[in-house]
Amino acid sequence: LSLLRKYNMQGQPIVERDNYIIFGEHSWPKTVATNYLISGKNKGGRPKEYYSLECLIYFLKHVALHHPDYVRQAASDGVPAVRRPDRKDLLAYLRGKITTCSSIDMAAPLQMPMQVYEGN
């Protein structure tokens, strides 16, 4: 999540190749969970659920759409949508307007990246 924020704030390219998201020399599967909690899904003793990297990148690419249009487009493209209650703080975080928020789970288990080599 912090790397996505850094790349977004600096306008650096985020490459999508096959089923991977590539940040410079590091890549993750598109479906890897970030540490941003999905609102409304983490109550009543249920396991915590997090937005995928693909979902957050899709959100950034389509942030200009009105929420209902964005949700329809995401469904059409087969990508989970960011929920309305999460939009404001998530966008503020990814744009660097805030440094953290209550939906960021600092204790969440994170998948280590794979190294990207020239020619991969």
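Notes on the structure in this doc start here. No experiment lies behind these values; they were computed from the predicted model shown. Every chain's residues receive numbers from 1 upward, in the order its sequence appears when written. In view of the model being predicted, local features appear only for residues whose pLDDT reaches at least 70, and side-chain atom pairs are presented and counted only at 80 or more, with totals across whole chains, interfaces and linings using the full set of residues. Only hydrogens and water are set aside when side-chain values are computed; all heavy atoms of the structure are taken into account.

## Some remarks on helix α3 (residues 67–77)
Listed in full, the buried residues belonging to α3 are H67, Y70 and A74. Relative to the axis of α3, the buried residues are bounded by an arc of 60° and lie together on one face. Among the exposed residues of α3, those oriented more than 90 degrees off its buried face are R72, A75 and S76. Structurally, α3 contributes buried residues whose contacts are with α2 (53–61) and α4 (84–94). Count one or two residues on from α3 and you reach G78, which has phi positive near 75°. Burial classes: relative accessible area under 20% of the type maximum marks a residue as buried, over 50% as exposed, and values in between as partly exposed (1.4 Å probe, protein chains only). For the purposes of this entry, the term helix denotes a DSSP run of H or I that reaches at least four residues, the term strand denotes a run of E that reaches at least two, and both are numbered from the N terminus. Note: the arc covers the axis-to-C-beta directions of the helix. Contacts were defined at the residue level, with two residues in contact if any of their heavy atoms lie within 4.5 Å.

## Topic: α4
Burial in α4 covers these residues: D86, R87, L90, L91, A92, Y93 and L94. The secondary structure elements touched by the buried residues of α4 are α1 (2–10), β4 (33–37), β5 (50–52), α2 and α3. With its phi angle positive at about 85°, G96 sits one or two positions after the end of α4.

## Some points on the pattern of salt bridges
Any Lys or Arg side-chain nitrogen found within 4 Å of a carboxyl oxygen on Asp or Glu counts as a salt bridge. In the structure shown here, the tally under the stated rule is four salt bridges. Its salt-bridge partner being E16, residue K61 comes within 2.4 Å of it at the nearest N-O pair. Of this pair, K61 sits in helix α2 while E16 sits in strand β1 (residues 15–17), placing them 45 residues apart in sequence. Judged by its relative accessible area of 33%, E16 is partly exposed. In this structure, D69 and R72 form a salt bridge, with 2.5 Å as the shortest nitrogen-oxygen distance. Placement of both D69 and R72 in helix α3 is noted, with a separation of three residues, approximately one turn of the helix. When its relative accessible area of 35% is taken as the criterion, D69 is described as partly exposed. In this structure R72 comes out as exposed when scored by relative accessible area, which is 53%.

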